[in-house]
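Chain by chain, the residues run as shown.
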Amino acid sequence: MKNSPSNDRRRFLLSIARGIGLSAMGALVWSAYVGEVKSAPLVLRPPGALAEDKFIKNCIKCGLCVEACPYDTLKLAKPGDNLPMGTPYFIPRTIPCYMCSDIPCVPVCPSGALSEPSVSSYINKTNAQLDINKARMGLAVIDRESCIATWGIQCDACYRACPLMGQAITIEFSKNERTGKHAFLIPNVHADICTGCGMCEHACVTKKAAIYVLPRALAMGEAGNHYIKGWDPKDEQRLDTVKKNVPHEFTKTKLSEKSALDSLNDEGGL
Amino acid sequence: MKHYKYLLMRRFSQIAILVLYIGANAWGWKILQGDLSASLLMGKVPLADPYAVVQIAVTGATLGIDIILGALIVTFFYGVIGGRAFCSWICPINMITDTAAWLRRKLKFSEVQKRFYMSRSLRYWILGLSLILSAVMGVAAFELISPVSMAHRGAIFGMGMGGGALVVIFLFDLLVHENGWCGYICPLGASYALIGKFSLIRIHHDANKCTDCRDCITVCPEKEVLHMVNRSSESVLMGECTNCGRCVDVCKEDALGFSIRSQLKQPKDEK
């Protein structure tokens, strides 16, 4: 009875079920853990890094970028750092990126997680040259409440520290009405130029930095595609394509049937 | 001394490679840069762990040319050198698990402990599972938890809390299951077993010299591969053999030794 065909079949089915069950259990625990450790929105990556989700797919955690960095800026996330384990990152308040012109950390990356083209400019079509100013590691953000320059104390530490001084950070002068004879020197960050190197955060004199680098995805908003800058001829060109593609964007009302000028001049009943 | 020849050679190789990697990070040596996941040999030749590269590939990432080339070089190397030579000659975890296995033998744990059943093929299940998870989660799944990478990376770049994983493996091997990590769980070893299945350098067993003392079986971390001992003269062909050479070391009758596998004919003499 013990080895009857039906018992064999039962044992076979049971072993299959057990295999599937154990695999599913393992997969659930494992994937929960993996999902947990890969989500770290506040991490700053080396120059040339792909977007975070792509970066984390590509990075093979070899540490070659870390070894190439002459300033020991880059670190590999250790277990316990609460970052995706083994991936490179930096903390600008401790050591910022010093923006080497030859960007040694990027060409050594074997996996393509740090992409050379993203930090190269082209002199002509075939001749690419590394250009650290194209790096977008993050974006400097100012907490105006704790920035002492906004209090009227003269400080331009971040402005002076910025490797793109006068471009990524500019100083806005305005009159200090409280004293009547001093100026405010307010720093402003320009997102289209800031590389996120963190030299400003490193230089900031306040106890906890009043200017700090955040990942771009976190620091920046997005206006959406339907706002068009009418004063920017290039942006306004988008209207031509929109007209073709999305006719319903243009609502026809009784007023808008006429040209804008006519509708202004024609005061109707008034 | 003769009885520790390959063991000493292995320890030398494991430690030397680790020191070269550490030297690259600490003092800027250019011999072996990076870590076991991917590295640069002499500043030029790319090397990459084929298993890690496959995991990255299934996430749908566009691979860099260097790691593809590196993975091919490594695959070719172990395809020739043989078996899971990586596990016994390079992998730093091997020193921990060997210590645990040695302690187990000294303390005679295996004699008093009733072994619970674990399938040797578990590691292949984990290998498959890791690839599925990598594809689903969009991140190399085993690389995120691999104690092998963790230990090696930790030694080079700083350990953090990674030391805990090593203690877990040591205690598991010592108290729970003989050679539990390397022999049953590690999918990295499983990947090298697959690569090394057809390799050329093999342990050969000469049944005519064998006195059936079974010393080789006692020390072997993958006992199944020595199924021919005292039965027939043939080479160890299973990819699971790590080519560690411990069986050659302990065999007093010289019945075991390294040989080149003959692809054409498996020499077999009847007993």
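Residues numbered from 1 in each chain as written. Chains lettered and ligands numbered in written order. Predicted model: local features only at pLDDT ≥ 70, side-chain atom pairs only at ≥ 80, totals over all residues. Heavy atoms only, no water.

Looking at the overall build of chain A
- Counting its secondary structure elements, chain A contains nine helices and eight strands.
- Radius of gyration (C-alpha) of chain A: 28 Å, far over the 18 Å computed for a compact globule of 270 residues.
- Principal-axis analysis of the C-alpha atoms gives chain A an extent of 100 × 60 × 50 Å.
- Nonlocal contacts in chain A, meaning residues at least 24 apart in sequence, comprise 60% of its contacts between residues at least 6 apart.
- By element, 57% of the accessible surface of chain A is carried by carbon and sulfur atoms, the whole surface being about 16600 Å². (Helix = DSSP H or I, 4+ residues; strand = E, 2+ residues; numbered from the N terminus. Rg over C-alpha atoms; globule rule 2.2 N^0.38 Å. Contact = heavy atoms within 4.5 Å. Areas by Shrake-Rupley, 256 points an atom, 1.4 Å probe, with all protein chains shown as cover.)

Observations regarding the environment of Val-229 of chain B
Residues and elements named next belong to chain B.
- Considering the arrangement of structural elements, one finds Val-229 in the loop between helix H13 (215-219) and strand E5 (234-235).
- Owing to a relative accessible area of 6%, Val-229 belongs among the buried residues under this scheme.
- For the pair Val-229 and Arg-214, spaced 15 residues apart in sequence, the C-alpha to C-alpha distance is 8.1 Å. (Buried < 20%, exposed > 50% of the residue type's maximum accessible area, 1.4 Å probe, protein only.)

Digging into the pairing of strand E3 (residues 45-48) of chain B
Residue and element names in this part refer to chain B.
- Where strand E2 (residues 38-41) lies against E3, four bridges are found, and the strand directions are antiparallel. Bridging from a neighbouring strand, Ala-38 pairs with Ala-48 of E3.
- In sequence, E2 turns back onto E3 through a hairpin of three residues, with Met-42 there showing a positive phi of about 55°. (Pairing = 2+ DSSP bridges.)

Section: the pattern of salt bridges
- Following the criterion strictly, the structure yields 14 salt bridges over all chains and no others.
- Counted as one network, the salt bridges with shared partners bring together Arg-84, Arg-120, Arg-123, Glu-222 and Glu-224 of chain B. (Salt bridge = Lys/Arg side-chain N within 4 Å of Asp/Glu carboxyl O.)

Quick notes on the packing of aromatic side chains
- One pass over the structure, following the stated rule, counts nine aromatic pairs over all chains.
- Between Trp-30 of chain A and Phe-142 of chain B, the aromatic rings sit 6.4 Å apart at their centres with planes inclined by 80°, giving edge-to-face as the arrangement. Placement of Trp-30 of chain A in helix H1 (residues 5-38) and of Phe-142 of chain B in helix H8 (residues 141-145) is noted, with the two residues assigned to different chains.
- The class of Trp-30 of chain A is buried, set by a relative accessible area of 10%.
- With relative accessibility at 3%, the residue Phe-142 of chain B sits in the buried group.
- With a centroid separation of 5.6 Å and 35° between ring planes, the pair formed by Trp-27 of chain B and Trp-29 of chain B is classed as tilted.
- Residue Trp-27 of chain B is classed as exposed on the basis of its relative accessible area of 59%.
- The exposure class of Trp-29 of chain B is partly exposed, given its relative accessible area of 34%.
- Members of the aromatic cluster, joined through ring pairs, are Phe-77, Tyr-78, Phe-86 and Tyr-192 of chain B. (Phe/Tyr/Trp six-rings, centres within 6.5 Å; stacked < 30°, edge-to-face > 60°.)

Considerations on unusual backbone geometry
Residue and element names in this part refer to chain A.
- Phi at Asp-72 is positive, roughly 55°, even though this residue is not glycine.
- In this fold, Asp-72 is placed in the loop between helix H3 (64-68) and strand E1 (75-76).
- The phi angle at Asn-82 is positive, at roughly 60°, despite the residue not being glycine.
- As for its position among the elements, Asn-82 is in the loop between E1 and strand E2 (88-89).

Quick notes on helix H10 (residues 163-176) of chain B
All names here are of chain B.
- In this model H10 runs 19 Å from its N-terminal to its C-terminal C-alpha over 14 residues, within 8% of the 20 Å that 1.5 Å per residue would give.
- Every buried residue of H10 is listed here: Leu-166, Ile-169, Asp-173 and Leu-174. Down the axis of H10, the buried side of the element spans an arc of 120°, and every buried residue falls inside it.
- Turning to H10, the residues buried within the fold contact helix H5 (93-107), helix H6 (109-112), helix H9 (147-157) and helix H11 (180-185). (Expected span 1.5 Å × (residues − 1). Arc of directions from axis to C-beta.)

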